[in-house]
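Structural characterization, general
The lines below spell out each chain.
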Amino acid sequence: MRPIRIAGTLALGLALLAACADRPEPTAARAGPAPSFDFSNNPDNGNARIVRFGDRVGFLLIDAEANLFSLQAGTNRQFGCVNPPTYLTFHDVQQILENPDDPEAGQIRELRILKDAYLAVYQGPFPFSDCADLASRKLAEGFGSFRNTDNDLVIFLRETSNFNAFGFVAQGTLQRVGGGTAHYNGVSKCVWDGFDGAQLFRCKDKINLR
């Protein structure tokens, strides 16, 4: 099964890109002829554009074979069952836009890193019925590292024969609910190889808790 993002990120990245275009002109002046360049924004030379921002998206990982599911996120909200959450942080996100003038029409490569991700592992199967059911199935929780890459973030918005590879690795030493610690390793590796993503997603999702 393909890992599920709990919330979207593209809109924020695009909003920040638009904000760059609205940056005011520099107010400093120098004597003599005006220079022919301006460092208030990246030059519009047709090259790829790099956008960096913070985000708080969560990733759900389901390992049907191990009968486990896990959450890797920037908050311990746990599907809305802990409200308000007691832990909040941000992913460091970098997107490379191959078509800055119309980002969704071109390739967007994304790197997402979170050094202090909230990690929680639950007994399967997924989904759960309610928050009480979710709490009763929690096996371990804690903090660790998270790294996600996507070679073409919105490939499904355009017709193309290109492939896309994406996925993440999350690791950490977690506190078991019954006492003691366990090492967590969650890995998701996916490939998208056509326009009909519902049929052509291929993922290998694995949760290891020892």
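Look up: the structure comes first, before these words.
Residues numbered from 1 in each chain as written. Predicted model: local features only at pLDDT ≥ 70, side-chain atom pairs only at ≥ 80, totals over all residues. Heavy atoms only, no water.

Comments concerning the state of the cysteines
For clarity, the cut-off: Pairs of cysteine sulfur atoms within 2.5 Å are what we label disulfides. The secondary structure listing takes helices from DSSP runs of H or I that are at least 4 residues long and strands from runs of E that are at least 2 residues long, numbered from the N terminus. Each residue is assigned to one of three classes by its accessible area relative to the maximum for its type, calculated with a 1.4 Å probe on protein chains only: buried under 20%, partly exposed between the two thresholds, exposed over 50%.
Per the counting criterion, the structure on display carries 2 disulfides. Each disulfide pairs two cysteine sulfurs, and for Cys81 the partner residue is Cys131, the sulfurs being separated by 2.1 Å. Disulfide Cys81-Cys131: torsion about the S-S bond near -85°, hence left-handed. Residue Cys81 is located in the loop between strand E4 (68–73) and strand E5 (91–97), and its partner Cys131 is located in helix H2 (residues 131–136); the two are separated by 50 residues in the primary sequence. Of the residues examined, Cys81 reaches a relative accessible area of 26% and is grouped as partly exposed. The exposure class assigned to Cys131 is partly exposed, which follows from its relative accessible area of 38%. Put simply, Cys190 and Cys203 are joined by a disulfide, and their sulfur atoms are 2.1 Å apart. The sign of the S-S torsion, about 115°, decides the handedness of the disulfide formed by Cys190 and Cys203: right-handed. Remark: Cys203 occurs in strand E10 (residues 201–209) and Cys190 occurs in strand E9 (residues 181–192); sequence separation between them is 13 residues. Judged by its relative accessible area of 3%, Cys190 falls in the buried class.

A word on the packing of aromatic side chains
Filter applied, for reference: The rule is short: rings of Phe, Tyr and Trp, with Trp giving its six-membered ring, pair when the centres are within 6.5 Å, and they are stacked under 30 degrees, edge-to-face over 60, tilted in between. Throughout this description, the term charge over a ring refers to an Arg CZ or Lys NZ atom that lies within 6 Å of the ring centre and within 35 degrees of the ring normal.
Counted by the stated rule, this structure contains 11 aromatic pairs. Between Phe69 and Tyr122, the ring centres sit 5.1 Å apart and the planes meet at 15°, which makes this aromatic pair stacked. In this pair, Phe69 is assigned in strand E4 and Tyr122 in strand E6 (residues 108–123), connecting sequence segments 53 residues apart. The structure contains a cluster of three or more aromatic residues connected by ring pairs, namely Phe69, Phe79, Tyr122, Phe126 and Phe128. Note that Arg56 overlies the ring of Phe90, its terminal NZ or CZ placed 4.3 Å from the centroid.

Focus on the pairing of E9
Applicable threshold: DSSP calls a pair of strands paired once it identifies at least 2 bridges connecting them.
With 12 bridges joining them, strand E8 (residues 164–176) and E9 adopt antiparallel strand pairing. Looking at the pairing, Gln171 lines up with Asn185 of E9. Hairpin geometry of E8 and E9 is characterised by an intervening segment of 4 residues between the two adjacent antiparallel strands and by a positive phi of about 110° at Gly179. Of the pairings in the sheet, the one linking E9 to E10 comprises 9 bridges and is antiparallel in character. For Tyr184, the partnering residue across the bridge sits in E10 and is Leu209.

Structural notes on the pairing of E4
Put simply, side chains in a regular strand alternate between the two faces of the sheet. With respect to burial, E4 is a largely interior element, 6 of its 6 residues being buried. Sheet topology note: the strand E3 (residues 59–63)/E4 ladder contains 5 bridges and is antiparallel. Among the inter-strand pairings, Leu61 is bridged to a residue of E4, identified as Ser70. With 6 bridges joining them, E4 and E6 adopt antiparallel strand pairing. What sits directly across from Gln72, in E6, is Leu119.

What to know about the nonpolar core
Under the convention used in this document: Buried residues of nine kinds, namely Ala, Val, Leu, Ile, Met, Phe, Trp, Tyr and Cys, make up a nonpolar core once their side-chain atoms join them within 4.5 Å. In this analysis, two residues are considered to be in contact whenever any of their non-hydrogen atoms come within 4.5 Å of each other.
Core analysis: the biggest nonpolar cluster contains 17 residues, and Leu119, Val121, Phe146, Leu174, Tyr184, Ile207 and Leu209 have the highest contact counts within it. Listed by contribution, the elements that provide at least two residues to this core are E3, E6, strand E7 (138–150), E8, E9 and E10. Among residues more than four places away in sequence, those in contact with Leu119 are Leu71, Gln72, Ala140, Glu141, Gly142, Phe143, Gly144, Ala170, Gln171, Gly172, Leu174 and Tyr184. Core analysis: the second largest hydrophobic core is formed by 10 residues, Ile62, Ala120, Tyr122 and Phe128 among them.

A closer look at the side chain of Gln95
Threshold: Any pair of N or O atoms that falls within 3.5 Å is considered a polar contact. Within protein, one atom must be able to donate a hydrogen and the other to accept it, and sequence-neighbouring residues count only if both atoms are side-chain atoms.
For Gln95, the location among the structural elements is in strand E5. By relative accessible area, Gln95 is classed as buried at 0%. Looking at Gln95, its side chain comes within polar contact range of the side chain of Glu110, at 2.8 Å.

Remarks on the pattern of salt bridges
Side chains carrying opposite charge are able to pair once their charged atoms draw close together. To keep it simple, the criterion reads: Put simply, a salt bridge is a Lys or Arg side-chain nitrogen that is within 4 Å of an Asp or Glu carboxyl oxygen.
Scanning the model with the defined rule gives 5 salt bridges in all. A salt bridge links Arg112 to Asp55; the nearest nitrogen and oxygen atoms lie 3.3 Å apart. Here Asp55 lies in strand E2 (residues 49–55) and Arg112 lies in strand E6, a separation of 57 residues in the sequence. Here the two residues Arg112 and Asp55 agree in accessibility, since each one is buried. Across the pair Arg137 and Asp133 runs a salt bridge whose closest N-O atoms are separated by 3.0 Å. A relative accessible area of 13% places Arg137 in the buried class. In this structure Asp133 comes out as partly exposed when scored by relative accessible area, which is 21%.

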